Amino acid sequence: MADISLTASMRSNLLSLQNTQSLMDMTQERLSTGKKVNSALDNPTSYYTSQSLTNRANDLSALLDSMGQGVQTIKAANEGIESITAYVQQAKAIANGARDEANKVATSSGKITAVDANADFDFKIGDKTLKVALETTDDDAEKVAAKMQAAIDADNGDDGVAGKFTVEATEDGEVVVKSVDGEFANVSFDAAGIKLSGNVGNDNRLKAVTQFNDILDQIDQLAKDSGYKGVNLLQENDLTVVFNEDRSSNLVIKGVDASTKGLKLSRVDSWGDNAKIDDAIAQVETAVNTLRGMASEFGNNYSIVQNREDFTESLINVLEEGSDKLVLADMNEESANMLALQTRQQLAINSLSLASQAAQSVLKLF
């Protein structure tokens, strides 16, 4: 079948209509997607540059979440340090309270009910074991007290108890052990007919020892509970926070030991000696300074991560804005283009109609 012949004017108008429709299709796509570059065919340079910027923004967005979790880990450690500091301050108050009780005298006593002839027995003051020999059944409370006092006075070595304790007998047959300078020690003996046990020293100091050790136990437990998502900076776990997509920029936050071991806090057996209380107070004061140093370091790290987090958010906005400038369409311009193309299309249709009338006039010759 032979090709249909069109006049030059009709073919020109038809071509113009086709071009106009093609431009309208492209404009409609831009209006529907909001982008002037929808594929590499539209503008390879802008398309691939925009993709690169968008990809980097997405990578940084993923890192932004990681930074946020790093901030929370530091916060958890800081909360732990603040609570541990409060415990340490409480331990210091307990030690100071015990120190104030230093000059108060307390006693321990036991009732003598009967004494066997030639009954020897040992009695203990603290870690010291002293011996007493009973010679006759006439050894009453007063004689037993005198022999115990003699045993104490005889123990005058470097670690002896001579001069630190006195033993007295009461009218109702009790043996009473008294502290001379406020020190205390466990006192006990159990011989035939003689029973005595208790603590020589201030009862408040005895309670303070238990309270002090209980506080140290709480410090250890709190240090263990200060982790976040498996990372505990107070148990010497390190944390690495990555700041850029190729991991070349990061911050390594070193963990610390905030337990009693790391703070060099020792549990106490007794506070009978004022010097022992002073040692405990010195340890606590050192621990407070150590905790303040830890808090300062974590605070500095928190500030660094927070600043990088803010910077990354701003950088993501810059990247996305730059990407949009390369590919986004100007909706006002595209709307105006669509209106102009619609007008051009209508004019081309009218022109094609006029061109066809010249061919139709031939029919009038028949």
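Residues numbered from 1 in each chain as written. Predicted model: local features only at pLDDT ≥ 70, side-chain atom pairs only at ≥ 80, totals over all residues. Heavy atoms only, no water.

Draft legend 1. Just the overall build of the chain, in detail. Per the secondary structure count, the chain includes six helices and nine strands. Taking all 366 residues of the chain together, the buried fraction comes to 37%. Accessible area for the chain stands at about 20,600 Å²; split by element, carbon and sulfur atoms hold 48% of it. (Helix = DSSP H or I, 4+ residues; strand = E, 2+ residues; numbered from the N terminus. Buried < 20%, exposed > 50% of the residue type's maximum accessible area, 1.4 Å probe, protein only. Areas by Shrake-Rupley, 256 points an atom, 1.4 Å probe, with all protein chains shown as cover.)

Draft legend 2. Fine view of the confidence of the model for the chain. Summary statistics for the chain give a mean pLDDT of 80 and a share of 80% for residues scoring 70 or more. For the chain, the element scoring lowest by mean pLDDT is strand β1 (residues 107-111), at 50; strand β8 (residues 239-242) scores highest, at 94. (pLDDT = per-residue confidence, 0-100.)

Draft legend 3. Region of the structure containing the pairing of strand β5 (residues 174-179). Looking at chain direction, strand β4 (residues 165-169) and β5 are connected through five bridges and run antiparallel. For V167, the partnering residue across the bridge sits in β5 and is V177. In textbook terms, the turn of a hairpin is the stretch between consecutive antiparallel strands, and for β4 and β5 this stretch comprises four residues, one of which, G173, has a positive phi near 85 degrees. (Pairing = 2+ DSSP bridges.)

Draft legend 4. Quick look at the pairing of strand β2 (residues 120-125). In β2, alternate side chains face the same way, and those of F121, F123 and I125 are buried while those of D120, D122 and K124 on the opposite face are not. Note that β2 and strand β3 (residues 128-133) share six bridges and pair antiparallel. Within β3, the residue paired with D122 across the bridge is K131.

Draft legend 5. Structural detail: the packing of aromatic side chains. Inspection of every chain in the model, using the stated rule, returns one aromatic pair. Their ring planes at 80 degrees and their centres at 5.3 Å tell us that Y47 and Y48 sit as a pair that is edge-to-face. Taking relative accessible area as the criterion, Y48 reaches 53% and is therefore assigned exposed. (Phe/Tyr/Trp six-rings, centres within 6.5 Å; stacked < 30°, edge-to-face > 60°.)

Draft legend 6. Geometry of the nonpolar core. Ranked by internal contacts, the top residues of the largest apolar core, which has 50 residues, are I84, V88, F212, I253, W271 and F298. At the level of secondary structure, the elements contributing two or more residues to this core comprise α2 (44-100), α4 (203-224), β8, β9 (250-253) and α5 (274-327). At 15 residues, α2 tops the list of elements feeding residues into this core. Leaving out residues up to four positions away in the same chain, F212 has contacts with A91, I94, S266, V268, W271, A280 and V284. Grouped together as the second largest cluster of nonpolar side chains are 17 residues, F123, A145, V161 and F165 included. (Core = buried A, V, L, I, M, F, W, Y, C linked by side-chain atoms within 4.5 Å. Contact = heavy atoms within 4.5 Å.)

Draft legend 7. Spatial organisation of the packing of α2 against α5. Taken N-terminus to C-terminus, the directions of α2 and α5 make an angle of 165 degrees; their axes are 7 Å apart at the nearest point. In terms of orientation, α2 lies roughly antiparallel with respect to α5. For the crossing formed where α2 meets α5, the hand is left-handed. Across the contact of α2 with α5, the residue classes tally to 30 nonpolar, 16 polar and 11 charged. (Axes fitted to C-alpha atoms, helices over the stretch in contact; angles between N-to-C directions. Parallel < 35°, antiparallel > 145°, perpendicular 65-115°, else oblique. Left-handed = near helix turned anticlockwise from the far one by under 90°. Nonpolar A, V, L, I, M, F, W, Y, C, P; charged D, E, K, R; others polar.)

Draft legend 8. How the structure looks around the side chain of D257. Looking at the element boundaries, D257 is found in the loop between β9 and α5. Of the side chains with opposite charge, K261 lies nearest to the buried D257, which makes no salt bridge, at 5.8 Å. Among the polar contacts made by the side chain of D257, one reaches the side chain of S259 at a distance of 2.6 Å. A polar side-chain atom of D257 sits 3.5 Å from the main-chain amide nitrogen of G262. When neighbours within four sequence positions are excluded, D257 is seen to be in contact with L234, E236, G262, L263 and M294. (Lys, Arg positive; Asp, Glu negative; His and termini not counted. Salt bridge = Lys/Arg side-chain N within 4 Å of Asp/Glu carboxyl O. Polar contact = N/O pair within 3.5 Å; in protein donor to acceptor, adjacent residues only side chain to side chain.)

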